[in-house]
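Each chain is listed here by its residues.
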Amino acid sequence: MKKSISIAAVGALLLASVGCTPVKRGEYAKGSATIFCDDGFKTVLDEEIEVFEYSYPESSIIPFYVSQTEAIDTLMADNTQAIIVTKELSKEQVDYMKAKFKRVIRQNCIAVDAVALIVNKKNPVSALSVDEIGKIMQGKITRWNKLAGNDTTAIKIVFDNMGSSTVSYMRDRFLGDSARISDNKNAFAQENNAAVFDVVKTDPNALGVISVSWLGDNLSAAKNIPLDQRVNAYKNETDTVAPQLTTEVNILKVSNPTQDNDFSPVAYKPYQAYIYSGEYPLVRKVYMITSASNSTVVHSFYAFVTGFVGQKIISLTGILPYHMNPRVVEVK
């Protein structure tokens, strides 16, 4: 409870500090603001903020990494003016914000994310079908030897946290509203995506469910480059981007035999090309939603993330930027 009060207090203070000085077209506002983001997109937002603040040193964005549910609730309580989540607000929610707080909601898809399934390097399973994933989530397949090898150990399904967008996606895709992921006795919630990754690296029986943005090596490598050089590289419109996914864990291929693809058994990893083509089947859109007015730092950051440099940063994480065409990708 103390954490919620603290976050709300910080949000209210920063909202009060945002200036309303008119900003001309092409300029960026000064000041500080908060943004609440689903933890699955932490690696993306951290880099967006660092580059934005370097480019506009009189602006400051303070992130809070929370569950998707908490992010939306915070926006609806007017304790922040920006969130990043995987669902749009409903018409009822938009109308409520306008009636209650006189806020006009902007919603923009900034990326298409893939939900990736990861296993330990010692695990012999290399691919799953959508049908098999559904049976695992429903508790119909519970042991690894039903998929590959002779290991009769139970499949330990590892998620970030029960209020996350990843959990919501897997529930909606495979269980429906009448069931919960937590009903599966082999499902375990962690604190965040980083914890999921760590569990899978050490536990051969774990099946991690995670945003592919946590698996891209390009952004991690970019952190070793001085920030001024990174900013210049992001502005380069001619170079190519070839996101490499981590080799610290095995990333499973996923197939989805349907009538639309002539029941093809071919499985794909969550590379950008396959996200773009729809051949990798576990995808969802990522939205930045803001209630900020023009001439505010929040609106300036919103314009930055949806602009060329912001989208270029997203392209390095492994997920697909929504406002840029895919470039060169690793598809082996």
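Residues numbered from 1 in each chain as written. Predicted model: local features only at pLDDT ≥ 70, side-chain atom pairs only at ≥ 80, totals over all residues. Heavy atoms only, no water.

Here we take up the pairing of strand S1 (residues 31-38). With six of its eight residues buried, S1 lies for the most part within the structure. The handedness of the S1 to strand S2 (residues 59-66) crossover, carried by helix H2 (residues 42-55), is right-handed. Pairing of S1 with strand S3 (residues 82-85), which is carried by two bridges, proceeds in the parallel orientation. Within S3, the position partnered with Phe36 by the bridge is Ile83. (Buried < 20%, exposed > 50% of the residue type's maximum accessible area, 1.4 Å probe, protein only. Helix = DSSP H or I, 4+ residues; strand = E, 2+ residues; numbered from the N terminus. Right-handed = clockwise from strand over helix to strand, strands pointing away. Pairing = 2+ DSSP bridges.)

When two helices pack together, their arrangement is given by the angle between the helix axes and by the axis-to-axis distance. Where helix H3 (residues 68-76) meets helix H4 (residues 91-101), the axes come as close as 10 Å, and the angle between the chain directions of the two elements is 35°. Note on element contacts: H4 touches H3 through Gln93, Tyr96, Met97 and Phe101, opposite Ile72, Leu75 and Met76. Of the residues that constitute the contact of H3 with H4, the class distribution is six nonpolar, one polar and no charged. (Axes fitted to C-alpha atoms, helices over the stretch in contact; angles between N-to-C directions. Contact = heavy atoms within 4.5 Å. Nonpolar A, V, L, I, M, F, W, Y, C, P; charged D, E, K, R; others polar.)

Moving on to the sheet that holds strand S11 (residues 267-268). In spatial order, the strands read S5-S10-S11; together these three strands make up an open sheet with mixed pairing. Two strands close off the open sheet at either side, each with one partner strand: strand S5 (127-129) and S11. Here strand S10 (residues 253-255) pairs with S11 via two bridges, running antiparallel. Opposite Ser255, over in S11, you have Ala267 as the bridge partner. Strands S5 and S10 of the sheet are contacted by helix H5 (residues 130-137), whose axis makes an angle of about 85° with S5.

Before going further, it helps to examine the nonpolar core. Here is a general trend for soluble globular proteins: nonpolar side chains tend to be buried in one another's company. Met137, Met170 and Phe301 are the most contacted members of the largest nonpolar core, which has 78 residues in total. No other element matches strand S4 (residues 106-119), which puts nine residues into this core. Once you skip the residues sitting within four places of it in the chain, Met170 turns out to touch Val115, Leu117, Ile133, Met137, Phe159, Leu175, Ile181 and Val209. By size, the runner-up hydrophobic cluster in this structure holds 15 residues, among which are Phe36, Met76, Ile83 and Met97. (Core = buried A, V, L, I, M, F, W, Y, C linked by side-chain atoms within 4.5 Å.)

Glancing now at the environment of Ala114. If you trace the backbone, Ala114 turns up in strand S4. Residue class for Ala114 comes out buried when judged on its relative accessible area of 0%. Along the backbone, Ala114 and Thr166 are 52 residues apart, and their C-alpha atoms lie at a distance of 9.8 Å. Not counting residues within four places of it along the chain, the set of residues in contact with Ala114 comprises Ile210, Ser211, Val212, Pro270, Ile275, Tyr280, Leu282, Val283 and Ile319.

With respect to the secondary-structure elements, Asp113 resides in strand S4. At 3.0 Å, the side chain of Asp113 and the side chain of Ser211 are in polar contact. Excluding residues within four positions of it along the chain, Asp113 makes contact with Phe41, Ser211, Val212, Ser213, Leu282, Val283, Arg284, Val286 and Ile319. (Polar contact = N/O pair within 3.5 Å; in protein donor to acceptor, adjacent residues only side chain to side chain.)

Right, let's talk about unusual backbone geometry for a bit. Phi angles above zero are rare outside glycine, and Lys102 is one such case at about 60°. Topologically, Lys102 is positioned in the loop between H4 and S4. With a relative accessible area of 69%, Lys102 lands in the exposed category. Unusually for a residue other than glycine, Ser295 sits at a positive phi of about 70°. Along the chain, the position of Ser295 falls in the loop between strand S12 (283-290) and helix H11 (297-305).

What follows deals with the pattern of salt bridges. According to the stated counting rule, one finds ten salt bridges in the structure shown. Residue Lys156 pairs with Asp203 through a salt bridge whose shortest N-O separation is 2.7 Å. Separated by 47 residues along the polypeptide, Lys156 in strand S6 (residues 156-159) and Asp203 in the loop between helix H7 (193-202) and strand S8 (206-211) bring together distant segments of the chain. Lys156 sits in the partly exposed class, given a relative accessible area of 29%. On the basis of relative accessibility, which here comes to 14%, the residue Asp203 falls in the buried class. Measuring nitrogen to oxygen at the nearest pair gives 3.2 Å for the salt bridge that ties Lys201 to Glu248. Of the two residues, Lys201 sits in helix H7 while Glu248 sits in the loop between helix H9 (227-235) and strand S9 (250-251), which places them 47 residues apart along the sequence. Here Lys201 falls in the partly exposed class, since its relative accessible area comes to 36%. (Salt bridge = Lys/Arg side-chain N within 4 Å of Asp/Glu carboxyl O.)

It is worth spelling out the pairing of S8 at this point. For a regular strand, side chains alternate in direction, first toward one face of the sheet and then toward the other. In terms of residue burial, S8 counts as a mostly covered element, since six of its six residues are buried. Sheet topology note: the S4/S8 ladder contains five bridges and is antiparallel. Looking at the pairing, Ala116 lines up with Ile210 of S8. With three bridges connecting them, S6 and S8 associate as parallel partners.

Before going further, it helps to spend a moment on the packing of aromatic side chains. Here the structure, examined in full by the defined rule, presents nine aromatic pairs. Above the plane of the ring of Phe188 lies Lys156, whose end atom (NZ or CZ) is 5.9 Å from the centre. (Phe/Tyr/Trp six-rings, centres within 6.5 Å; stacked < 30°, edge-to-face > 60°. Lys NZ or Arg CZ within 6 Å of the ring centre and 35° of its normal.)

For the rest of this paragraph, the subject is the confidence of the model for the chain. Model confidence for the chain is summarised by a mean pLDDT of 85, while 84% of its residues fall at 70 or above. Overall, residues 1-5 carries pLDDT values under 50, and its contacts beyond four positions in sequence, including any with other chains, amount to zero contacts. Within the model, the stretch residues 15-21 combines pLDDT values under 50 with 13 contacts to residues more than four positions away or in other chains. (pLDDT = per-residue confidence, 0-100.)

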